[in-house]
Amino acid sequence: MCELDFTIIDGRIKYAFGVAFICIGIAAVCGNIIALVSIFKSTRTNRSDILLISLASNDLIIGLLICPFLGIEQFLNYYPDVCNFQAPGVSSLFCITSLNVALIAFYKCFILARETTEEDFLSMKTLVFCVVGSWLLPPMVTSISYFFLLKVFVSIINSIFIITLLVMLVCYALIILYIKRTKQSLKNFQNTKINASQQTLSLQMKAARKVTVLVLCYVVCFLPIVACILINLFYVDGTKVRTETLETIFLFADFISCFNAFLNPWIYTTIFKNLKRSTKYRLIKEDHKRRKNYGAVLGQ
């Protein structure tokens with residue numbers, strides 16, 4: 001039984017979404033490859049990079065498999081034939097994204113709140129365990145629940161998204177409070193010379209803003225699909241039929257969730273300082289290095 005039916009949507013709208021899915025998929029693949037290469041090439045790494053690698057890898061899979069699959073689907077109308085595999089697969093990847101972003105927000109938020117270092121806050125073993133769990137649990141839970149009872153599946157997916165959204169909002173509120181407190185502390189240094197404390201506060205302020213942007217992007221991109229899943233609870237029993245407008249809204253929710261996979265790596269490259277530097281200047285440095293080596297060879 002398929003819980004959605006995109007075949008009733010107007011052809012022009014479907015084709016537009018199909019092209020958009022494919023374009024977003026290509027952009028997401030390129031962006032996440034750049035992000036992953038930048039992380040591995042960066043000379044300055046920390047434990048939070050593990051979370052970024054996990055999120056970028058998941059976004060890469062979404063861009064490489066899910067976006068083209070959903071895009072071509074709008075032209076070929078094969079959803080009824082593959083829905084039993086597509087629904088749990090797409091839901092699993094979206095849940096992995098949610099858990100990864102929640103881990104990043106929670107991790108950074110508590111480091112800022114406790115004013116501690118990453119090494120003191122969480123061990124590498126615990127961090128890896130959390131990342132592995134975020135990859136293993138969603139496929140297991142969604143697959144088992146989907147093939148046994150669809151209503152339970154929808155409820156579980158809905159619960160995962162709502163819980164992660166609540167975590168996001170709590171972290172966002174804590175970070176906003178931290179930014180306000182830090183701004184006040186920085187004002188106290190205005191009439192003094194720049195010292196280590198002021199520099200530390202400035203760096204912490206930048207870190208807080210990074211997490212804030214990441215959280216906001218997640219909330220904006222995944223709020224529509226959470227709303228659609230809530231609406232879907234009233235239709236899973238099959239007694240009610242969705243209208244074309246409602247199916248279009250569901251398709252838009254899928255698209256905006258995939259759009260997050262395209263957006264995340266550009267957040268990394270434009271906001272995360274070390275990643276930005278390695279992305280923007282790596283090719284320039286390599287070119288300068290090649291020229292220097294070439295000049296040395298000619299000098300010999």
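Residues numbered from 1 in each chain as written. Predicted model: local features only at pLDDT ≥ 70, side-chain atom pairs only at ≥ 80, totals over all residues. Heavy atoms only, no water.

Student: How should helix α5 (residues 124–148) be read in this particular structure?
Tutor: An α-helix turns once per 3.6 residues; consequently, residues spaced three or four apart project the same way. Compared with an ideal rise of 1.5 Å per residue, which puts 25 residues at 36 Å, α5 spans 37 Å between its outermost C-alpha atoms and is within 8% of the ideal. Taken as a whole, α5 has its buried residues at Leu 127, Val 131, Ser 134, Pro 138, Thr 142, Ser 145 and Tyr 146. (Helix = DSSP H or I, 4+ residues; strand = E, 2+ residues; numbered from the N terminus. Expected span 1.5 Å × (residues − 1). Buried < 20%, exposed > 50% of the residue type's maximum accessible area, 1.4 Å probe, protein only.)

Student: Looking at this structure, how should I read the packing of aromatic side chains?
Tutor: Here the distance between the centres and the angle between the planes together describe a pair of aromatic rings. A complete count under the given rule lists eight aromatic pairs for this structure. Considering the side-chain rings of Phe 17 and Phe 255, the 6.1 Å spacing of their centres and the 70 degrees angle between planes classify their relative orientation as edge-to-face. Pair noted here: Phe 17 is in helix α1 (residues 11–41) and Phe 255 is in helix α8 (residues 244–271), with a separation of 238 residues, a long-range link. Assessed through its relative accessible area of 14%, Phe 255 is described here as buried. Their ring planes at 25 degrees and their centres at 4.7 Å tell us that Tyr 218 and Phe 222 sit as a pair that is stacked. (Phe/Tyr/Trp six-rings, centres within 6.5 Å; stacked < 30°, edge-to-face > 60°.)

Student: Looking at this structure, I do not really get the UniProt feature "transmembrane region" (unreviewed entry) in the chain. What am I missing?
Tutor: Cross-referencing UniProt, the feature "transmembrane region" (unreviewed entry) maps to residues 15–38, 50–71, 91–114, 126–150, 156–179, 211–236 and 248–272 in the present numbering. Overall, residues 15–38 shows 100% helix and 0% strand. The separation of its end C-alpha atoms is 35 Å. A distance of 34 Å separates the end C-alpha atoms of residues 156–179, which is 100% helix and 0% strand. (UniProt positions renumbered as here; feature names shortened; annotations may be inferred.)

Student: Honestly, the nonpolar core in this entry has me stumped. Any pointers?
Tutor: Ile 62, Phe 94, Phe 161, Met 168, Tyr 218 and Cys 258 are the most contacted members of the largest nonpolar core, which totals 64 residues. It is helix α3 (residues 79–114) that provides the largest number of residues to this core, a total of 15 residues. Apart from residues no more than four positions distant in its own chain, Cys 258 is found in contact with Phe 21, Ile 24, Ile 62, Ile 66, Cys 67, Leu 70 and Phe 94. (Core = buried A, V, L, I, M, F, W, Y, C linked by side-chain atoms within 4.5 Å. Contact = heavy atoms within 4.5 Å.)

Student: Would you mind going over the pattern of salt bridges with me for this structure?
Tutor: Close approach of charged atoms lets side chains of opposite charge pair. A complete count under the given rule lists one salt bridge for this structure. A salt bridge links Asp 10 to Arg 12, with the shortest nitrogen-to-oxygen separation between them at 3.4 Å. With a relative accessible area of 27%, Asp 10 lands in the partly exposed category. Exposure remark for Arg 12: the relative accessible area of 69% places this residue in the exposed category. (Salt bridge = Lys/Arg side-chain N within 4 Å of Asp/Glu carboxyl O.)

Student: Is there a simple way to explain a nonpolar patch on the surface in this structure?
Tutor: A contiguous nonpolar patch, built from Phe 85, Met 124, Val 128, Val 132, Leu 136, Met 140, Ile 144, Phe 147, Phe 148, Leu 149 and Val 152 and spanning about 1100 Å² of accessible area, is present on the exposed surface. For the nonpolar patch, the leading source of residues is α5, giving eight residues. Taking relative accessible area as the criterion, Phe 85 reaches 64% and is therefore assigned exposed. (Patch = residues over 30% accessible without salt bridge, like charges linked within 9 Å, V, L, I, M, F, W, Y side chains within 5 Å. Areas by Shrake-Rupley, 256 points an atom, 1.4 Å probe, with all protein chains shown as cover.)

Student: I'm lost on the environment of Ala 28 in this one. Help?
Tutor: When you line up the elements, Ala 28 lands in helix α1. Assessed through its relative accessible area of 0%, Ala 28 is described here as buried. Between the alpha carbons of Ala 28 and Pro 265 there is a distance of 7.8 Å; along the sequence they are 237 residues apart. Aside from chain neighbours lying at most four places away, what touches Ala 28 is Gly 63, Ala 261 and Phe 262.

Student: Looking at this structure, I do not really get the side chain of Ser 54. What am I missing?
Tutor: As for its position among the elements, Ser 54 is in helix α2 (residues 48–76). The exposure class assigned to Ser 54 is buried, which follows from its relative accessible area of 4%. Within the structure, the side chain of Ser 54 is placed 2.7 Å from the side chain of Trp 135, a separation counted as a polar contact. Those residues in contact with Ser 54 that sit more than four places away from it in its chain are Asn 100, Val 131, Ser 134 and Trp 135. (Polar contact = N/O pair within 3.5 Å; in protein donor to acceptor, adjacent residues only side chain to side chain.)

Student: I tried to follow the packing of α2 against α5 on my own but got confused; where do I start?
Tutor: When two helices pack together, their arrangement is given by the angle between their axes and by how far apart the axes lie. With their axes 10 Å apart at the nearest point, α2 and α5 run at an angle of 15 degrees to one another. Judged by the inter-axis angle, α2 sits roughly parallel to α5. Regarding α2 and α5, the two cross each other, and that crossing is right-handed. Touching Ile 50, Leu 51, Ser 54, Ser 57, Asn 58 and Ile 61 of α2 are Met 124, Leu 127, Val 128, Val 131, Ser 134 and Trp 135, all from α5. (Axes fitted to C-alpha atoms, helices over the stretch in contact; angles between N-to-C directions. Parallel < 35°, antiparallel > 145°, perpendicular 65-115°, else oblique. Left-handed = near helix turned anticlockwise from the far one by under 90°.)

Student: Help me out: how do you make sense of the confidence of the model for the chain in this one?
Tutor: Any residue range with low pLDDT should be treated as having predicted coordinates unsuitable for detailed reading. Across the chain, the average pLDDT comes to 77, with 72% of residues at 70 or higher. Between the elements of the chain, mean pLDDT differs from a low of 49, seen in helix α9 (residues 273–299), to a high of 91, seen in α1. Contacts for the low-pLDDT stretch residues 274–285, under 50 throughout, to residues beyond four places or in other chains number 18 contacts. (pLDDT = per-residue confidence, 0-100.)

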